[in-house]
Amino acid sequence: MSAATIAPFRAGEFHLFTARGRDFVYLVPSGGIFELTPAARQILDFAQRTDADSEDLIAHLANVGFAELEIEETVTDLIDAGALLAPGTAPEPRIDPPKNFPLQTLVLNLTNQCNLSCKYCYEYGDDKVATPEGKPKFMDTETSRAAIDFYFAESQGTKALHVTFFGGETLMNFPLLKEVVDYATNKAKSEGRFIDFSLTTNATLLTPAIIDFLAANRIGVTVSIDGPPEMNALRVYQNGRGSYDIIAPKIKLLLEKHKTRPIAARVTLTADVTDVLKIFRHLTQDMGFQEVGFAPVTTSENRLYAIGGSKMDSVLEQFKLLAQEYLDAAVEGRHHAFSNVTDTLSELYNGVNKSHPCGAGLGLAAVGPSGDISPCHRFVDSDTHSLGHISTGIDRAKQDDFLHRGHINQKYDCHTCWARPLCAGGCHHEAYVRYGDTGHPNLHYCDWIRDWTDTCLSVFGAISTHNPVFLEKFEKR
Amino acid sequence: MKHLRPLNRKAHRIDQFAAAKQADVVGLQEKRVNPAKLPHIPAGCSIAFFPGWEVDSSGGVAGLCQPMERDLYDCFADCFWPAQVPDHMNNYSDWAKKCAAATQDWRNLDVVFP
Ligand code: SF4
Ligand code: SF4
C-alpha cells in the first residue's frame, strides 16, 4: 500500500488528555470525547506539531512500528470524527438559537431586601448593577401571578417547568412563596404539565414550619454559606454581627427534616476564604450537606476581597484534590458532594457545545418585584439590563442585542480556545462587572478555566473506563 | 470506528453518522462495498419485485400471507432471511417438510432451537 491511499488532512481543533495511562481526545467545537488507540494519539500529536504530509506521517509512524493499514484506517476515523480535516473543509457556520426560544426556567426575585449585609454581595456591594430606587421592595400577589402566567405562556408547552425563588433574602417574602407554589402547581396540573421549585437562602429565617413546607412540596434548597465560622466573616448583619451562629442550628434542622431533595451549599470564595478543603470538610462532614459548590466572588479587580492570582492557583490545586477524591468515589459507585465536578461531568457527558455561556436571556429569565424581566437573577432591578416587563412581555430587540453580544461568535478571543464549547466566554454578569460589557469574554480566568476543564476531562475519561455506569445518571439531566 | 472509542453522547452520534456513511441498506445496494465482508445472497423481495405480501409467488392469492405464519414461510422458502426464520440453505433445510400447502399446514411450522 502506498502513501497515496492516506487521505490528505490537516489538524482540526481538539484537546488531547490522558487519564490513568490512557489517551483521549476532546473535540472542538462538537464536544465529542473519544478514547484513542496509540496510533490515533501519535497521529494527532504529529498533526498538531507539523503540517507535514501523509508520506511523512507514514515514515514517522512506521518508524515506531505501526502498519500502513492501521495508519490509513486511523486517519479515516479521525477525519470522520472531525479531529483531522480534509482539505477544503468549510468552517462551521454560525448557528443562532431559534427565535422565540421557549423559556425553561423562571427565577422569581420575591424581594430585593435582605436581612444580611454581606460585604461582597453583587446586589448591594460596590459593584452592584441594580437600580432599585423607586421600585417596590417586595413582590405582590398580582405581580407574581402575572409572572407565572407569563412563564407558562413563554414556555410554549414545555412539559417540565422549573421555578427558582430568589432575593434579596428569599424567605423575607415567604408568604408569597407559599402562594406562588400553590398557584403554579394548580395551573400546571390543569394543563397536564409538571412543575418543581427551588430556592436560594441565607438560612437565617428558616423555621420548623417553613422547613416542613419545603419538604412537603419537594422544594430544592441551596444555602449560601462560606464554611466554618471564621470563613463567614463577610456574611454579617447590618450591625456587623456574624450570621454563622444563627444559621448553624437552623441548617442542622433543615438537613434532618428535609429529605425529599438534596440540600446544597453554595460557597463564595473571597480573598480570605480560599481554604477549599477545610470548607468542604466542614460543610459535608460537620454539617451534612449532600452537595457543595464553589464560585469565586464576582468583583472588579481592585476590591479588597477580590482573589489574587496566587490564591486562585491554590484554589485550583485544592479543586484538583477534591476532583481526585470524586473520581475514587465514582469508580466505586459512591456519591461525592463536590458539585463543581458533577456539573461539568454532566455537560461533558452530553457533549454540550454552547453558543452562549448559560441560559440567561434565552431559556432562563428572572422577574423582579417590579415585574421587570431580566436575563437572570443577577440583573434584576437593573434598568440597563432589563429585557422588558411582564405586562408587555419580552422586548425582543433588547433580547436580540443581549444574545447577539453574548454569542460565542462575537468573542474573538475565544475562537482559538479549546475550552469554548463549555465556557463560551463565561458569565455575562461577571463580564459586565469586569469589562462593562455583558458580551466581553472573561479573559481574566482563561488559564484557570482550561486547567480545570482538563482536570474534569481526566475524571470523565477515568470514570468512563473504570465505571461507565456512573455516567448514565447524567442522561436525564 | 475501530480506532476511536466514543465516550459521550456527542461522540456516539458522530460514530453513528460515520457508520452510516460507510454502510448502506444491503438489499438495495448498487455496488457491493466489500464482497468479502458482506456475504449477501439476495434471492428475494428486496432485489426484485417479489410478491408475497400483495400476491403470492405464483401471482395469485391462494398462498397469500395469511395467516401470519405465511409471512415467515415466504421468507423461508423464497428469501434468505436467517434472522427471522430458520435458514434453509445451511442448517434447517427440512424446516418446512411437513408443510406442503402453507394455507392448510402452517401449524406444522415450528420454532427451532439452534
Ligand atoms: S473566556 Fe477564555 S476560557 Fe472561556 S472560552 Fe473564552 S478564551 Fe476560552
Ligand atoms: S449571567 Fe452569570 S449569573 Fe446569570 S445565569 Fe448566566 S452564569 Fe449565572
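Conventions we followed
- Residues numbered from 1 in each chain as written.
- Chains lettered and ligands numbered in written order.
- Predicted model: local features only at pLDDT ≥ 70, side-chain atom pairs only at ≥ 80, totals over all residues.
- Heavy atoms only, no water.
- Near = heavy atom within 4 Å.
- Nonpolar A, V, L, I, M, F, W, Y, C, P; charged D, E, K, R; others polar.
- Domains from an automatic or database assignment.
- Contact = heavy atoms within 4.5 Å.
- Buried area = accessible area lost by both parts, 1.4 Å probe.
- Core = buried A, V, L, I, M, F, W, Y, C linked by side-chain atoms within 4.5 Å.
- Buried < 20%, exposed > 50% of the residue type's maximum accessible area, 1.4 Å probe, protein only.
- Pairing = 2+ DSSP bridges.
- Helix = DSSP H or I, 4+ residues; strand = E, 2+ residues; numbered from the N terminus.
- Axes fitted to C-alpha atoms, helices over the stretch in contact; angles between N-to-C directions.
- Salt bridge = Lys/Arg side-chain N within 4 Å of Asp/Glu carboxyl O.
- Polar contact = N/O pair within 3.5 Å; in protein donor to acceptor, adjacent residues only side chain to side chain.

**Examining the site of ligand 2**
Here is step 1: Around ligand 2, the surrounding shell consists of A:Cys358, A:Ala360, A:Leu364, A:Cys376, A:Arg378, A:Cys427, A:His428 and A:His429.
Here is step 2: Counted by class, the shell around ligand 2 contains 5 nonpolar, 2 polar and 1 charged residues.

**What about the domain arrangement of chain A?**
Residue and element names in this part refer to chain A.
Here is step 1: In terms of domain boundaries, chain A breaks down into domain 1 (3-85) and domain 2 (105-384).
Here is step 2: If you average the C-alpha positions of domain 1 and of domain 2, the two centres end up 43 Å apart.
Here is step 3: Listed per partner, the contact involves 6 residues of domain 1 and 8 residues of domain 2.
Here is step 4: Across the domain 1/domain 2 interface, buried area totals approximately 440 Å², and carbon plus sulfur atoms make up 44% of it.

**As for the nonpolar core**
All names here are of chain A.
Here is step 1: Ranked by size, the top nonpolar core spans 99 residues in total, and within it Leu108, Phe165, Ile225, Phe289 and Phe294 carry the most contacts.
Here is step 2: The two domains that each donate at least three residues to this core are domain 1 (3-85) and domain 2 (105-384).
Here is step 3: Once you skip the residues sitting within four places of it in the chain, Phe294 turns out to touch Val267, Leu269, Val276, Ile279, Phe280, Phe319, Phe338 and Asn340.
Here is step 4: Counting 27 residues, the second largest nonpolar core, distinct from the first, contains Ile6, Leu57, Val75 and Ala81.

**Details of the sheet that holds strand β4 (residues 33-36) of chain A**
Here is step 1: Spatially, 4 strands are ordered β2(A)-β3(A)-β4(A)-β1(B) in an open sheet, and the strand pairing comes out antiparallel. Each end of this open sheet is capped by a strand with a single partner; those strands are β2 (13-19) of chain A together with β1 (4-6) of chain B. Averaged over neighbouring strand pairs, the angle between their axes works out to 30° when direction is ignored.
Here is step 2: The pairing of β2(A) with strand β3 (residues 22-28) of chain A spans 7 bridges and is classified as antiparallel. For A:His15, the partnering residue across the bridge sits in β3(A) and is A:Tyr26.
Here is step 3: Strand contacts of helix α14 (residues 446-466) of chain A: β2, β3 and β4 of chain A together with β1 of chain B, with the helix running at about 60° to β2(A), the strand carrying the most contacts.

**Some details on the site of ligand 1**
All names here are of chain A.
Here is step 1: Near ligand 1 you find Asp413, Cys414, Cys417, Arg420, Cys423, Gly425, Asn442, Cys446, Ile449 and Arg450, and these make up its full shell.
Here is step 2: Elements that contribute at least two residues to the shell around ligand 1 include exactly α12 (420-423) and α14.
Here is step 3: Examining the composition of the shell around ligand 1, we find that 3 residues originate from one element, α14, more than from any other.
Here is step 4: Split by residue class, the shell around ligand 1 holds 5 nonpolar, 2 polar and 3 charged.

**A closer look at the interface of chain B and chain A**
Here is step 1: Facing 15 residues of chain B, the contacting portion of chain A comprises 27 residues.
Here is step 2: A combined buried area of about 1,800 Å² lies between chain B and chain A, and 53% of that area is made up of carbon and sulfur atoms.
Here is step 3: Counting the surface chain B buries against chain A, the share from its top three residues, B:His3, B:Leu7 and B:Arg9, is 37%.
Here is step 4: Inspection of the region where chain B meets chain A yields 3 salt bridges.
Here is step 5: With its nearest N and O atoms 3.0 Å apart, the salt bridge here joins B:Lys2 to A:Glu73.
Here is step 6: Applying the counting rule to chain B against chain A returns 16 residue pairs in polar contact (both at pLDDT 80 or more).
Here is step 7: Broken down by secondary-structure element, the contributors of at least two residues to the side of chain B that touches chain A are β1 and α1 (9-22) of chain B.

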